[in-house]
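What follows is the residue order along each chain.
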Amino acid sequence: MYRRMSAILFPLTALLLIGALVWGYQENQEKNAVLLKAENQYQRAFHDLSYHVDRLHGELGNTLAVNSTSDGMHRKSLTNVWRLTSEAQNEINQLPLTMLPFSKTEEFLSKISNFSYKAAVRDFTTKPLTDGEMKNLMALYKNSGDISKDLQEVQNKVITNHLRWMDVESALASEKKAEDNTIIDGFKTVDKRVSAYPELDWGPSVASVYDKRSVKKLTGPPVSADDIRRKALKYADAGSGANVQVTENGKGTEWPSYTATVSGAKETVSMDFTTKGGLLISYNNNREVGRPKVSMEEAVDKAGEFLERKGYSNMVPVSADRFDNLGNFTFVTKQDEVLIYPEKITVRSGLDTGDVTGFQSSDYVGEHQANRKIPKPGMSLAEARKKLNPDLREMYNRLAWIENDDGEEVLTYEFGGRINGSQYRIYLNASTGIEESVEEIRTASGAQKQ
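This section reports on the structure supplied with the text. (Residues numbered from 1 in each chain as written. Predicted model: local features only at pLDDT ≥ 70, side-chain atom pairs only at ≥ 80, totals over all residues. Heavy atoms only, no water.)

**A look at the overall build of the protein**
Reasoning step 1: Helix and strand counts for the protein stand at twelve helices and twelve strands.
Reasoning step 2: Out of the 450 residues in the protein, the part that is buried amounts to 42%.
Reasoning step 3: Sequence separation of at least 24 residues holds for 61% of the intrachain contacts in the protein that already meet a minimum separation of 6.
Reasoning step 4: Carbon together with sulfur atoms contributes 51% to the accessible area of the protein, which is approximately 25500 Å² in total. (Helix = DSSP H or I, 4+ residues; strand = E, 2+ residues; numbered from the N terminus. Buried < 20%, exposed > 50% of the residue type's maximum accessible area, 1.4 Å probe, protein only. Contact = heavy atoms within 4.5 Å. Areas by Shrake-Rupley, 256 points an atom, 1.4 Å probe, with all protein chains shown as cover.)

The following block contains the structure:
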């Protein structure tokens with residue numbers, strides 16, 4: 001009996017053992033294949049990064065080598081600089097550096113990219129490279145050469161010592177090990193060098209991309225929690241008997257604010273206020289919105305009346321979108337028949353009653369000016385209209401004050417029209433007639449009401 005069971009169980013056990021060994025071997029092979037593929041991708045991205053930074057250094061040199069009046073070569077070289085920095089940024093994103101301080105280098109490349117792109121697409125015949133921009137290019141040429149040299153030193157060590165990027169991931173996961181890793185040390189050296197570079201004057205077009213609106217720029221005296229409590233009761237229309245809870249956010253930081261929550265008998269309203277001046281920057285009514293019963297036209301009218309009651313005068317709707325049972329509207333200030341787009345408020349309304357359920361006014365708070373100095377148009381409407389595509393079917397026109405791609409505020413003629421089956425807004429500079437901005441828009445009832 002024992003012999004018979006052994007004759008059956010022994011081969012079965014051996015078969016299971018062999019199967020487990022084969023399975024384990026296959027799993028190990030698949031794991032190694034995945035690791036090898038990841039390592040190869042990291043190595044390719046790193047070597048491409050070193051190559052493109054070196055090419056970037058050379059292309060900046062080409063830009064400086066030609067005559068200052070060589071507009072065609074400048075445009076070509078700056079376009080190549082933009083392309084190479086974009087490639088380098090993409091390769092950095094493919095490397096396992098999320099836990100490694102490399103933000104200064106990434107920001108440096110981002111600024112080069114924005115600077116070269118905005119310079120390359122402009123009209124050099126009217127706006128050639130300035131002396132300041134040429135000095136920037138000289139500094140970028142020198143700095144990119146230093147960065148390229150540092151990356152090549154790391155590259156040589158990687159090749160000579162057969163270093164693996166998979167070890168970088170392991171090292172970054174362990175702070176203790178991370179202190180002794182050649183690749184990590186090399187990237188830290190690069191980022192430290194970049195952080196020591198003096199800040200360049202990139203000009204308003206690039207600076208506007210990185211400058212964040214700060215509440216420190218706001219005027220007005222600091223307000224207390226009691227001041228906010230009184231303001232919150234007024235804005236919520238909840239009556240003096242409502243419960244108000246005020247919380248201070250970010251005390252001692254660059255972005256301090258107050259959040260006030262007003263709880264009434266039927267609904268709860270939360271609002272955010274600036275600590276300087278106590279200006280309302282957001283409003284949210286948490287009521288449940290029922291089935292749609294009012295039109296978008298009625299809702300946009302009620303939204304305008306709401307803003308007027310809350311102290312936002314001379315606001316007109318410029319766009320409207322519908323999402324299920326909610327209407328979203330954008331309002332801007334109107335001054336002397338000119339729409340001031342930087343002073344923007346977005347409003348959300350429930351289409352069951354048309355009442356406002358929320359709005360965001362941070363753009364308005366940061367940009368509002370009592371009386372802007374707006375120049376007269378330098379060309380007539382008829383002259384500006386000649387600059388349009390003749391196939392555009394014009395639907396409306398108006399004067400608009402906008403911020404262009406260079407971060408400058410300019411007066412424009414805004415034309416709304418249809419072409420190629422879509423609707424567009426086209427903003428032409430009211431003095432030169434050049435296109436400052438073009439945007440495709442979605443139409444909704446009430447959007448063009450003025």
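After presenting the structure, the write-up continues.
**So, the environment of D48**
Reasoning step 1: Considering the arrangement of structural elements, one finds D48 in helix 1 (residues 2–65).
Reasoning step 2: For the pair D48 and E91, spaced 43 residues apart in sequence, the C-alpha to C-alpha distance is 7.1 Å.

**Here's the deal with a nonpolar patch on the surface**
Reasoning step 1: Where nonpolar side chains cluster on the molecular surface, the patch consists of W82, Y117 and V121 and spans about 300 Å² of accessible area.
Reasoning step 2: Relative to the helices and strands, W82 resides in helix 2 (residues 71–93). (Patch = residues over 30% accessible without salt bridge, like charges linked within 9 Å, V, L, I, M, F, W, Y side chains within 5 Å. Salt bridge = Lys/Arg side-chain N within 4 Å of Asp/Glu carboxyl O.)

**Points about the pattern of salt bridges**
If the charged atoms of two oppositely charged side chains come close together, the side chains can form a pair.
Reasoning step 1: Evaluated as defined, the whole model comprises 16 salt bridges.
Reasoning step 2: Between R425 and E414 there is a salt bridge whose closest N-O contact spans 3.2 Å. Here the residue R425 occupies a position in strand 11 (residues 422–429), and E414 occupies one in strand 10 (residues 409–419), the gap between them amounting to eleven residues.
Reasoning step 3: For E414, a relative accessible area of 0% puts it in the buried group.
Reasoning step 4: Salt bridges sharing partners connect three or more residues here, namely K142, D146, D150 and R193.

**Topic: unusual backbone geometry**
Reasoning step 1: Despite not being glycine, N314 has its phi angle at roughly 60 degrees, a positive value.
Reasoning step 2: Positive phi outside glycine occurs at N420, with the angle close to 55 degrees.
Reasoning step 3: You can see N420 is positioned in the loop between strand 10 and strand 11.
Reasoning step 4: Exposure remark for N420: the relative accessible area of 73% places this residue in the exposed category.

**What about the nonpolar core?**
Nonpolar side chains in soluble globular proteins tend to be buried together.
Reasoning step 1: Counting 42 residues, the largest nonpolar core has W165 and F187 as its most contacted members.
Reasoning step 2: Among the secondary structure elements, those contributing two or more residues to this core are helix 1, helix 2, helix 3 (103–120), helix 4 (131–160), helix 5 (165–173) and helix 7 (182–195).
Reasoning step 3: For this core, the leading source of residues is helix 1, giving eight residues.
Reasoning step 4: Formed by 34 residues, the second largest nonpolar core is a distinct cluster that contains A232, F273, Y283 and M315. (Core = buried A, V, L, I, M, F, W, Y, C linked by side-chain atoms within 4.5 Å.)

**Re the packing of aromatic side chains**
Reasoning step 1: Counted according to the given criterion, the structure contains eleven aromatic pairs.
Reasoning step 2: Ring centres of F108 and Y197 lie 5.8 Å apart, and the angle between their planes is 50 degrees; on these two criteria the pair is classed as tilted. Here the residue F108 occupies a position in helix 3, and Y197 occupies one in the loop between helix 7 and helix 8 (204–210), the gap between them amounting to 89 residues.
Reasoning step 3: A centroid spacing of 6.4 Å and a plane angle of 40 degrees characterise the contact between Y413 and F415, whose relative ring orientation is tilted. Pair check on accessibility: Y413 and F415 agree, each one buried.
Reasoning step 4: Taken together, Y283, F306, Y312, F359 and Y364 form an aromatic cluster joined through their ring pairs. (Phe/Tyr/Trp six-rings, centres within 6.5 Å; stacked < 30°, edge-to-face > 60°.)

**A short note on the side chain of N285**
Reasoning step 1: The residue N285 is located in strand 4 (residues 280–285) in this model.
Reasoning step 2: Classification of N285 as buried rests on a relative accessible area of 6%.
Reasoning step 3: Here E267 takes part through its side chain, which lies 3.0 Å from a polar atom of the side chain of N285.
Reasoning step 4: Setting aside its immediate chain neighbours within four residues, N285 contacts E267, T268, V269, V356 and T357. (Polar contact = N/O pair within 3.5 Å; in protein donor to acceptor, adjacent residues only side chain to side chain.)

**Thoughts on the pairing of strand 7 (residues 338–350)**
Reasoning step 1: Burial analysis of strand 7 places ten of its 13 residues in the buried class, the great majority of the element.
Reasoning step 2: Sheet analysis places strand 6 (residues 326–335) next to strand 7, joined by ten bridges and oriented antiparallel. Paired with L326 across the two strands is G350, which belongs to strand 7.
Reasoning step 3: If you look at the hairpin formed by strand 6 and strand 7, you'll find two residues sitting between the two strands, and D336 has a positive phi there, around 50 degrees.
Reasoning step 4: Judged from the three bridges that link them, strand 7 and strand 9 (residues 393–403) form a sheet pairing that is parallel. The residue bridging L339 from the neighbouring strand is A400, located in strand 9.
Reasoning step 5: Where strand 7 folds back onto strand 8 (residues 356–360) in an antiparallel hairpin, the turn is made up of five residues, including G354, whose phi is positive at roughly 85 degrees. (Pairing = 2+ DSSP bridges.)

**Structural notes on the environment of Y424**
Reasoning step 1: Relative to the helices and strands, Y424 is located in strand 11.
Reasoning step 2: Judged by its relative accessible area of 21%, Y424 is partly exposed.
Reasoning step 3: Each C-alpha atom of the pair Y424 and V438 lies 7.0 Å from the other, and the pair is 14 residues apart in sequence.
Reasoning step 4: In this structure Y424 touches F415, G416, G417, I419, V438, E439, E440 and I441, once residues within four positions along its chain are discounted.

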